[in-house]
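# Coordinates in review
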Amino acid sequence: MTDLKLYKTIDATSENCAGPIGELSSALNDAYVGEAVAIILGDDATRDDILVWAKRTGNEVVENTSEEGRHRLVLKKVK
Amino acid sequence: MKNVLVAGGGLGGTIVANRIAQKLSNEIENGEASVTVFDKSDMHFYQPGFLLVSMGAMEPQDTQIMERSVLDRRVKFLSGDSGSITKIDADNRSLTTADGKSHGYDQLVLSTGSHLQFDEIPGFAAGADTFFNLEKAKEMWQKVRSFEGGKIVVDTAMMPHKCPVAPLEITLMLDDYFRKKGIRDKVQIDYCYPVPGVFGIPNVNKMMTKIFAERGINVHSQFALASVDTSARKITSKEGESVDYDLLVSIPPHKGAQVIGDSGLGDRRNWVSTDKFTLLVKGHDDIHAMGDTTDIAISKAGSTADYESYVVSHNVAAEVAGTGGMKTYPGSVFCFIATGMDQATYIKFDYSHPPVPPTPSQVYWWSKLAYNKLYWSLHARTMI
Ligand SMILES: Cc1cc2nc3c(=O)[nH]c(=O)nc-3n(C[C@H](O)[C@H](O)[C@H](O)COP(=O)(O)OP(=O)(O)OC[C@H]3O[C@@H](n4cnc5c(N)ncnc54)[C@H](O)[C@@H]3O)c2cc1C
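Residues numbered from 1 in each chain as written. Chains lettered and ligands numbered in written order. Predicted model: local features only at pLDDT ≥ 70, side-chain atom pairs only at ≥ 80, totals over all residues. Heavy atoms only, no water.

## Focus: the site of the ligand
Residues and elements named next belong to chain B. The condition that has to hold: Each residue is tested against the molecule or strand, and it is near if at least one of its non-hydrogen atoms lies within 4 Å. N or O atoms within 3.5 Å of each other form a polar contact, as long as, within protein, one can give a hydrogen and the other can take it, and as long as residues adjacent in sequence are counted only when both atoms are side-chain atoms. Each accessible area is a Shrake-Rupley estimate made with a 1.4 Å probe; only the visible protein chains count as cover when residues are assessed. Think of it this way: any DSSP run of H or I at least four residues long counts as a helix, any run of E at least two long counts as a strand, and we number them from the N terminus. Gly is put with the polar residues, along with every residue not named as nonpolar or charged; the nonpolar set is Ala, Val, Leu, Ile, Met, Phe, Trp, Tyr, Cys and Pro, and the charged set is Asp, Glu, Lys and Arg. Per the annotation, domain bounds derive from an automatic or database assignment of domains.
As a structural note, the neighbourhood of the ligand is formed by 30 residues, with Gly-12, Asp-39, Asp-292, Gly-302 and Ser-303 the closest of them. Note that an oxygen atom of the ligand is positioned 3.0 Å from one of the backbone N or O atoms of Leu-11. Interatomic distance of 3.4 Å between a backbone N/O atom of Ala-301 and an oxygen atom of the ligand. Burial of the ligand by the protein amounts to 92% of the accessible area it has alone, namely 1000 Å². In terms of residues, the shell around the ligand owes the most to one element, helix H1 (residues 11-23), which gives three residues. Partitioning the shell around the ligand into residue classes produces 10 nonpolar, 14 polar and six charged. Both domain 1 (2-113 + 257-330) and domain 2 (119-254) contribute no fewer than three residues apiece to the shell around the ligand.

Shown next, in the form of structure tokens:
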């Protein structure tokens, strides 16, 4: 993680029309290859959806941690 | 004299300036405070009306009015070169306008909105129709009314965009329009969306997915638009899928205002990093951001800007009058969702309460139209 540049951290713990994947895909669209985007989530189902989405879109999950019911995922843009 | 400057006189800037002027009426009267709105244009556009214009359900001229006429008389208004902001200098608490003048502020509100990017995706400018600005909405209505059959594709290029429910609305309105015209069997409607599902909020997605299936609308998701091929009349996604079209109704990519980027106040898409509760720009205690301008993971909608205006106007007035006591924004959003040419539902939610959309009905459609009418007379003027 030391050399990884974090482009943005998204707080997706609240309701939002684009949905967490909408916010994440938009931030990763603007990130440069090699940079990462962190997203904070409030529930397990969304975390699982994002893990599936990351695999499908080829974004690498470099961090997957949980604290006090909140999950933090860090996705690296690889292509 | 304390100067409150409001950058952008669109939906958010107008409402917040009117509210601030009401709260600071004594200070303004006594010459201790002033409120000034800056906008490039002297016209105020009611953008929600563009959706209805594109389907022939509203007259174009009813979507615009002179900005001065909706501003409180105590609010100063600068437009044209005097109102076009070219640079915001947060260190020196000032902004510069296109006429070369510099304006100092004590409190600054950023409400410069979101802006359509027609040149970001190859082929998009030439091939895509849209209802996201007035000129294009008028053109789209001419194409819709003369459409005799073929493939209509409703494509959302990327997130985020203003009025997140607009792709759902235009799809269901097109479906209903051609049903009522008696030629729905000749019209194929495809819905392409850049994230899984047809909408980002789970229970709205569930409801709309069911309605789309009942109405025979084909869903392509996830479909992140990569290019528009105008000669072959097809769009291709980053995922490698292609869809043919005869009429491409699109939601263009969006960015925050150029001046935000030029002033070093935004991210790569010119969205301003904003605290989701205080609505203060992160790292600044004298710059507030609201409406489409912010990077908050919330809907870019007029109702968002309206709800936020209560918080921002209170906090600005409290700073200027020295009364203290900050309000915070609970994430309130309210949007009608048209589900046809004479029916609608709505979503109402905040940071901690998800929306539960009611069954679509004509009552909500008439409420949506009534709201549009009341906007000029009551809402923008903050009489309600
Ligand atoms: C088709 C469509 C349908 C919609 N339907 C709905 C709906 O049903 N419900 C809903 O709640 N919302 C709806 N919206 C969204 C709503 O219109 C926007 O979210 C709202 O206008 C945002 O307000 P704002 O003040 O942030 O930005 P705007 O209203 O866009 O105002 C920004 C202003 O800033 C000015 N500006 C920008 N840069 C500068 C500069 N450098 N100097 C000076 N001035 C500048 C612009 O000229 C503009 O007047 C819809 C939008 C569209 C396009």
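Further notes follow.
## Description of the environment of B:Asp42
Residue and element names in this part refer to chain B. Selection rule: We call two residues in contact whenever any of their non-hydrogen atoms come within 4.5 Å of each other.
Here Asp-42 shows up in the loop between strand S2 (33-38) and strand S3 (43-45). Once the C-alpha coordinates of Asp-42 and Arg-68 are considered, the two residues, 26 residues apart in sequence, prove to be 7.3 Å apart. For Asp-42, the contacting residues outside a window of four places in its chain are Ile-65, Met-66, Glu-67, Phe-77 and Ser-79.

## Remarks on the packing of helix H7 (residues 166-180) of chain B against helix H8 (residues 202-214) of chain B
Residues and elements named next belong to chain B. Spelled out, the test is: Axes here mean lines fitted to C-alpha atoms, for a helix over just the part in contact, with angles spanning 0 to 180 degrees between N-to-C directions. Orientation categories follow fixed angle ranges, with anything under 35 degrees roughly parallel, anything over 145 roughly antiparallel, 65 to 115 roughly perpendicular, and all other angles oblique. Here a crossing is called left-handed whenever its near helix is offset anticlockwise from the far helix by less than a right angle, and right-handed whenever the offset is clockwise.
At their nearest, the axes of H7 and H8 sit 12 Å apart, and the two run at 20° to each other. As summarised for this structure, H7 and H8 are arranged roughly parallel, according to the angle between their axes. Along this stretch, H7 crosses H8, giving a crossing that reads as left-handed. Seen from H7, the contacting residues are Leu-168, Thr-171 and Leu-172; seen from H8, they are Val-204, Met-208, Ile-211 and Phe-212. Its residues placed into classes, the contact of H7 with H8 shows six nonpolar, one polar and no charged.

## Looking at the domain arrangement of chain B
All names here are of chain B. Cut-off, in case you're wondering: Throughout, the accessible surface (probe 1.4 Å) given up by two parts as they are put together, summed over both, is called the buried area. What makes a salt bridge here is a side-chain nitrogen of Lys or Arg within 4 Å of a carboxyl oxygen of Asp or Glu, nothing more.
When the domains of chain B are assigned, the result is domain 1 (2-113 + 257-330) and domain 2 (119-254). Between domain 1 and domain 2, the C-alpha centre-to-centre distance is 31 Å. Taken together, the contacts link 17 residues of domain 1 with 22 residues of domain 2. Of the roughly 1600 Å² buried between domain 1 and domain 2 on both sides combined, carbon and sulfur atoms contribute 71%. The largest share of the area that domain 1 buries against domain 2 comes from Leu-51, Met-55 and Arg-269, three residues that together contribute 38% of it. In this assembly, domain 1 and domain 2 are joined by one salt bridge.

## Some remarks on helix H6 (residues 134-145) of chain B
Residue and element names in this part refer to chain B. Put simply, the rule is: By this rule the span expected of a helix is its residue count minus one, scaled by 1.5 Å. The rule is simple: take the accessible area with a 1.4 Å probe, protein chains only, and divide by the maximum for that residue type; under 20% is buried, over 50% is exposed, in between is partly exposed. Regarding the arc, it is the one traced by the directions from the helix axis to the C-beta atoms.
Taking 1.5 Å per residue, 12 residues should reach 16 Å; H6 reaches 17 Å between its end C-alpha atoms and fits that length. For H6, the full list of buried residues reads Leu-134, Ala-137, Met-140, Trp-141 and Val-144. Seen from one end, H6 has its buried residues packed into an arc of 110°, which puts them on one side. Against the buried residues of H6 lie S3, helix H3 (48-53), strand S4 (64-66), H7 and strand S17 (247-251). Capping the start of H6, Asn-133 holds a side-chain oxygen 3.4 Å from the backbone nitrogen of Glu-135, two or three residues further along.

## Some remarks on the interface of chain A and chain B
On the chain B side, the residues contacting the 25 residues of chain A number 27 residues. For the pairing of chain A and chain B, the buried interface totals around 2000 Å² over both sides, and the portion due to carbon and sulfur atoms is 49%. In this structure, A:Glu35 and B:Arg268 form a salt bridge, with 2.7 Å as the shortest nitrogen-oxygen distance. Secondary-structure elements contributing two or more residues to the side of chain A that touches chain B are strand S1 (6-12), helix H1 (19-30) and helix H2 (44-57) of chain A. Looking at the side of chain A that touches chain B, the element that brings in the most residues is H1(A), giving eight residues. For the side of chain A that touches chain B, the class distribution of residues is eight nonpolar, nine polar and eight charged.

## Remarks on the pattern of salt bridges
All names here are of chain B. By the definition in use, this model includes 22 salt bridges over all chains. Across the pair Glu-169 and Lys-368 runs a salt bridge, and its minimum N-O distance is 2.9 Å. With Glu-169 in helix H7 and Lys-368 in helix H11 (residues 362-379), this pair connects stretches of sequence that are 199 residues apart. Residues joined in a network through salt bridges with shared partners are Asp-175, Arg-179, Arg-184 and Arg-215.

## Regarding the packing of H1(A) against H2(A)
Residues and elements named next belong to chain A. The interhelical angle for the contact between H1 and H2, taken along N-to-C directions, is 40°, at an axis separation of 10 Å. Classified by the angle their axes make, H1 and H2 are oblique. H1 and H2 meet at a crossing whose hand is right-handed. The residues of H2 that touch H1, namely those facing Pro-20, Ile-21, Leu-24, Ser-25 and Leu-28, are Thr-46, Asp-49, Ile-50 and Trp-53. Counted by class, the contact of H1 with H2 contains six nonpolar, two polar and one charged residues.

## A word on the nonpolar core
Soluble globular proteins: nonpolar side chains tend toward being buried together. Condition: The set of buried Ala, Val, Leu, Ile, Met, Phe, Trp, Tyr and Cys residues whose side-chain atoms join them within 4.5 Å is what this entry labels a nonpolar core.
Of all hydrophobic cores here, the largest spans 114 residues; its most connected members are B:Phe131, B:Leu174, B:Phe199 and B:Ile235. By residue number, the principal contributor to this core is H7(B), which donates eight residues. Looking at which domains feed residues into this core, each of domain 1 (2-113 + 257-330) and domain 2 (119-254) of chain B gives three or more. With sequence-adjacent residues up to four places away left out, B:Phe199 is seen in contact with A:Cys17, B:Pro164, B:Val165, B:Leu168, B:Tyr193, B:Val204, B:Asn205 and B:Ile347. Listed in part, the 18 residues of the second largest apolar core include B:Ala7, B:Leu108, B:Leu265 and B:Val272.

## Digging into the environment of A:Val61
All names here are of chain A. Looking at where Val-61 falls in the secondary structure, it is placed in strand S3 (residues 60-67). Overall, Val-61 belongs to the partly exposed group, its relative accessible area being 31%. Between the C-alpha atom of Val-61 and that of Lys-76, which follows or precedes it by 15 residues, the distance is 6.3 Å. Not counting residues within four places of it along the chain, the set of residues in contact with Val-61 comprises Leu-51, Ala-54, Leu-73, Val-74 and Leu-75.

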